[in-house]
Amino acid sequence: HAHARQRKSRSSPPEEKMILKTEGIVLKRFDFRETSRIATFFTRDHGKIKGVLKGIRKDHKKFGSNIDQFSVNDIVYYFHRDADLHLVGQCDLKAFFFKIRQDVKRTLAASYALELVDAIMPTEEKNEPIYDLLLRYLNTLEDTDDVNKLVHVFQIKILLLSGFRPFLDSCVVCQAKISPKMHFSMKLGGLICENCYGNDHSATHVSRGTIATLTHIEKHEWENILRLKLTALTQKELKFILNNFLVYHLERHMRSARYLK
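Keep in mind it's a predicted model, so treat the numbers as computed, not measured.

A tally of helices and strands in the chain yields eight helices and eight strands. C-alpha atoms of the chain, sized along the principal axes, occupy 65 × 40 × 30 Å. A burial count over the chain gives 49% of its 261 residues as buried. A fraction of 63% describes how many contacts in the chain between residues 6 or more apart in sequence connect residues 24 or more apart. Summed over all atoms, the accessible surface of the chain reaches about 13,500 Å², with 49% contributed by carbon and sulfur. Taking the average place of the 42 positive charges on the side chains of the chain and the average place of its 31 negative ones, the gap between the two points comes to 3 Å.

What follows covers the packing of aromatic side chains. Tallied over the entire structure, the rule returns four aromatic pairs. Summarising the aromatic geometry, the rings of Phe 96 and Phe 98 are spaced 4.8 Å apart at their centres and angled 55° between planes, so their arrangement reads as tilted. On the basis of relative accessible area, Phe 96 is assigned to the partly exposed category, the value being 22%. A cation over an aromatic ring shows up here: Arg 101 above the ring of Phe 70, its NZ or CZ 4.1 Å from the ring centre. Taking NZ or CZ as reference, Arg 101 lies 3.9 Å from the ring centre of Phe 96, over its face.

Below, the discussion takes up the nonpolar core. Leu 116, Leu 134, Tyr 137, Leu 138 and Phe 154 are the most contacted members of the largest nonpolar core, which totals 58 residues. Elements represented by at least two residues in this core include exactly β1 (17-32), α2 (104-120), α3 (128-141), α4 (147-162), β7 (190-192), α6 (208-219), α7 (222-226) and α8 (232-250). Among residues more than four places away in sequence, those in contact with Tyr 137 are Ala 109, Ala 110, Ala 113, Leu 150, Val 151, Phe 154 and Trp 222. Among the nonpolar cores identified, the runner-up in size contains 14 residues, and Val 26, Ile 75, Tyr 77 and Val 88 belong to it.

A word on the pattern of salt bridges. The full count for this structure, using the stated rule, is 13 salt bridges. We note a salt bridge from Asp 31 to Arg 57, for which the minimum N-O separation is 3.6 Å. Of this pair, Asp 31 sits in strand β1 while Arg 57 sits in the loop between β3 (47-53) and β4 (72-80); the two residues are 26 residues apart in sequence, bridging distant segments of the chain. In this structure Asp 31 comes out as partly exposed when scored by relative accessible area, which is 43%.

Note on placement: Ala 110 falls in helix α2. Accessibility expressed as a relative area gives 0% for Ala 110, which makes it buried. The residues touching Ala 110, leaving out its near neighbours within four places in the chain, are Phe 70, Ile 100, Tyr 137, Leu 138 and Leu 141.

Across two bridges, β3 lies against strand β5 (residues 86-95) in parallel orientation. Within the sheet, the bridge partner assigned to Gly 51 lies in β5 and is His 86. Across seven bridges, the pairing between β4 and β5 is antiparallel. Residue pairing across strands places Val 72 opposite Ala 95, the latter belonging to β5. Between the antiparallel neighbours β4 and β5 lie five residues.

On to the sheet that holds β4. Reading around the barrel, the five strands line up as β1-β2-β3-β5-β4 and close back on themselves, with mixed pairing between neighbours. On average, each strand axis in the sheet is tilted by 45° relative to the strand beside it, whichever way the strands run. As judged from the nine bridges shared by β1 and β4, these two strands associate in the antiparallel manner. Across the sheet, Met 18 pairs through a bridge with Phe 79, a residue of β4. The sheet strands contacting α2 are β1, β2 (36-43) and β3, and the helix crosses β1 at an angle near 125°. α3 contacts β1, β2 and β4 of the sheet and is inclined by roughly 45° relative to β1.

Rules used throughout
- Residues numbered from 1 in each chain as written.
- Predicted model: local features only at pLDDT ≥ 70, side-chain atom pairs only at ≥ 80, totals over all residues.
- Heavy atoms only, no water.
- Helix = DSSP H or I, 4+ residues; strand = E, 2+ residues; numbered from the N terminus.
- Buried < 20%, exposed > 50% of the residue type's maximum accessible area, 1.4 Å probe, protein only.
- Contact = heavy atoms within 4.5 Å.
- Areas by Shrake-Rupley, 256 points an atom, 1.4 Å probe, with all protein chains shown as cover.
- Lys, Arg positive; Asp, Glu negative; His and termini not counted.
- Charge placed at Lys NZ, Arg CZ, Asp CG, Glu CD.
- Phe/Tyr/Trp six-rings, centres within 6.5 Å; stacked < 30°, edge-to-face > 60°.
- Lys NZ or Arg CZ within 6 Å of the ring centre and 35° of its normal.
- Core = buried A, V, L, I, M, F, W, Y, C linked by side-chain atoms within 4.5 Å.
- Salt bridge = Lys/Arg side-chain N within 4 Å of Asp/Glu carboxyl O.
- Pairing = 2+ DSSP bridges.
- Axes fitted to C-alpha atoms, helices over the stretch in contact; angles between N-to-C directions.

See the structure below:
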């Protein structure tokens, strides 16, 4: 994709067969056969993995967690290099996020972030900054009153950390400086000026305030960003640009996005 940086693995691959222990967030799960369950975890140390928990539905005391979606767990699993599905031998609950589960909009916002991480991250590629981002997002989601802003912050940060950052420094075609007449091109993955706009049907006008907001969120730490106030126009533009940019470059729609108003 245009202007996407090459992502590199941040850790050495595990050995052929070994027992691994890590912390992981449940991205999704489904029942498997009569007694078992399969879950996709995004882990701190080994990236995205898929594991089977045998007998969890038959004996609820076998594991210390019911592997609910977006719960945080300590897991031990048996890694085999040639397998896409690993055997989870131990799973203990660390965080459940009760407040998120009690609110429909927060639950949808959590589900959206999980779906985005699952779509962006390759299997078994460690990315601890994105893991920390997701965990911080879930913790903040427990108490925030501005769910929409938090979703936009997460979108911008995960694009930056995964190497899909949109080009916001100047016109992506001619490198002209940012002006009030800038457009954002979904196809080219960044800003284009009035002269280069042409017949780019994927482009939409974007205000300088929204561009400034995007770059501010990219550059600043979490606590600083949470104090940022967004105008109604900026909220509207961010929603349109980020949602469509992600769909364009991931080549898939996020199912949970349609419920986030």
